[in-house]
Amino acid sequence: MAIVERELLSTPDRVPAFDTIGWVLRLAAAAVFVAVGLSKLRSDPFWVQMFARIGLGDWFRYLTGALQVTGGLLFLIPRAAYAAAVLTGGTMLGAVAVHLFVLGTGVAGAIIPFVLLVFLVTVALRRPD
């Protein structure tokens, strides 16, 4: 019993510092995906036309918007950053595929979702020291 008490009451060798860079990255990801997701849910004409060209209907736009808003909000919880990146990264991976194979916009159309996907992977895999 004395050993347990000593471990619990002893000061740690290293006190975790506030992860400023991690918060900036997660807040940026949250802002982007909440804003884009909400614009899809609000039926912004740009997204309505794009999803009509994809051919899956409004349900797919609403699903994508909901996943992006949910993922964006999860970035505000540091321990949920990986789950947030999986949700939002899945939508970006789908966007890259759609631009390359469905819409026919090629690499030029897929570059923005690809850059966002790389950013999400970076945020998810980042470990503060």
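For the structure itself, consult the block above.
Summarised in this report is the structure supplied together with it.

## Notes on the overall build of the protein chain
Next, step 1: A count of helices and strands for the protein chain gives 6 helices and 0 strands.
Next, step 2: In the protein chain, the succession of α and β elements from N to C terminus is α-α-α-α-α-α.
Next, step 3: Of all 129 residues assigned to the protein chain, the portion counted as buried reaches 32%.
Next, step 4: Within the protein chain, contacts between residues at least 6 apart in sequence are counted, and of these 59% link residues at least 24 apart.
Next, step 5: Within the structure as shown, the protein chain displays about 8,500 Å² of accessible surface, and the carbon and sulfur contribution to it stands at 71%.

## Points about the packing of aromatic side chains
Next, step 1: Within this structure, the stated rule accounts for 5 aromatic pairs.
Next, step 2: Centre to centre, the rings of Phe46 and Trp47 are 4.9 Å apart; their planes meet at 75°, and the pair counts as edge-to-face.
Next, step 3: In this structure Phe46 comes out as partly exposed when scored by relative accessible area, which is 48%.
Next, step 4: The buried category is assigned to Trp47, whose relative accessible area is 17%.

## Observations concerning the pattern of salt bridges
Next, step 1: In the structure shown here, the tally under the stated rule is 3 salt bridges.
Next, step 2: Residue Asp19 pairs with Arg26 through a salt bridge whose shortest N-O separation is 4.0 Å. Neither residue differs from the other here; Asp19 and Arg26 are each classed as buried.
Next, step 3: One salt bridge in this structure joins Asp58 and Arg61, with 2.9 Å as the shortest N-O distance. Of this pair, Asp58 and Arg61 both sit in helix 4 (residues 58–74), 3 residues apart, which is roughly one turn of the helix.
Next, step 4: Judged by relative accessible area, which is 41%, Asp58 ranks as partly exposed.

## Observations regarding the environment of Leu87
Next, step 1: Assignment of secondary structure puts Leu87 in helix 5 (residues 81–102).
Next, step 2: Note on Leu87: relative accessible area 27%, which makes it partly exposed.
Next, step 3: Excluding its chain neighbours within four sequence positions, the residues that come into contact with Leu87 are Leu67, Thr70, Gly71 and Leu74.

## Some thoughts on a nonpolar patch on the surface
Next, step 1: A contiguous nonpolar patch, built from Leu100, Phe101, Val102, Val107, Ile111, Ile112, Phe114, Val115 and Val118 and spanning about 880 Å² of accessible area, is present on the exposed surface.
Next, step 2: At 6 residues, helix 6 (residues 106–125) tops the list of elements feeding residues into the nonpolar patch.
Next, step 3: Along the chain, Ile112 falls in helix 6.
Next, step 4: Owing to a relative accessible area of 60%, Ile112 belongs among the exposed residues under this scheme.

## A closer look at helix 2 (residues 20–41)
Next, step 1: In this model, helix 2 (22 residues) spans 31 Å end to end at C-alpha, consistent with the 32 Å of a helix rising 1.5 Å per residue.
Next, step 2: Looking at the buried residues of helix 2, the elements they touch are helix 3 (45–54), helix 4, helix 5 and helix 6.

## Points about the packing of helix 2 against helix 4
Next, step 1: At a minimum axis distance of 7 Å, the contact between helix 2 and helix 4 shows a crossing angle of 155°. Judged on the interaxial angle alone, helix 4 and helix 2 are roughly antiparallel. The handedness of the crossing between helix 2 and helix 4 comes out as left-handed. Along its contact with helix 2, which presents Ala30, Phe33, Val34, Val36, Gly37, Leu38, Lys40 and Leu41, the element helix 4 presents Arg61, Tyr62, Thr64, Gly65, Ala66, Gln68, Val69, Gly72 and Leu73.

Each value, and the rule that gives it
- Residues numbered from 1 in each chain as written.
- Predicted model: local features only at pLDDT ≥ 70, side-chain atom pairs only at ≥ 80, totals over all residues.
- Heavy atoms only, no water.
- Helix = DSSP H or I, 4+ residues; strand = E, 2+ residues; numbered from the N terminus.
- Buried < 20%, exposed > 50% of the residue type's maximum accessible area, 1.4 Å probe, protein only.
- Contact = heavy atoms within 4.5 Å.
- Areas by Shrake-Rupley, 256 points an atom, 1.4 Å probe, with all protein chains shown as cover.
- Phe/Tyr/Trp six-rings, centres within 6.5 Å; stacked < 30°, edge-to-face > 60°.
- Salt bridge = Lys/Arg side-chain N within 4 Å of Asp/Glu carboxyl O.
- Patch = residues over 30% accessible without salt bridge, like charges linked within 9 Å, V, L, I, M, F, W, Y side chains within 5 Å.
- Expected span 1.5 Å × (residues − 1).
- Axes fitted to C-alpha atoms, helices over the stretch in contact; angles between N-to-C directions.
- Parallel < 35°, antiparallel > 145°, perpendicular 65-115°, else oblique.
- Left-handed = near helix turned anticlockwise from the far one by under 90°.

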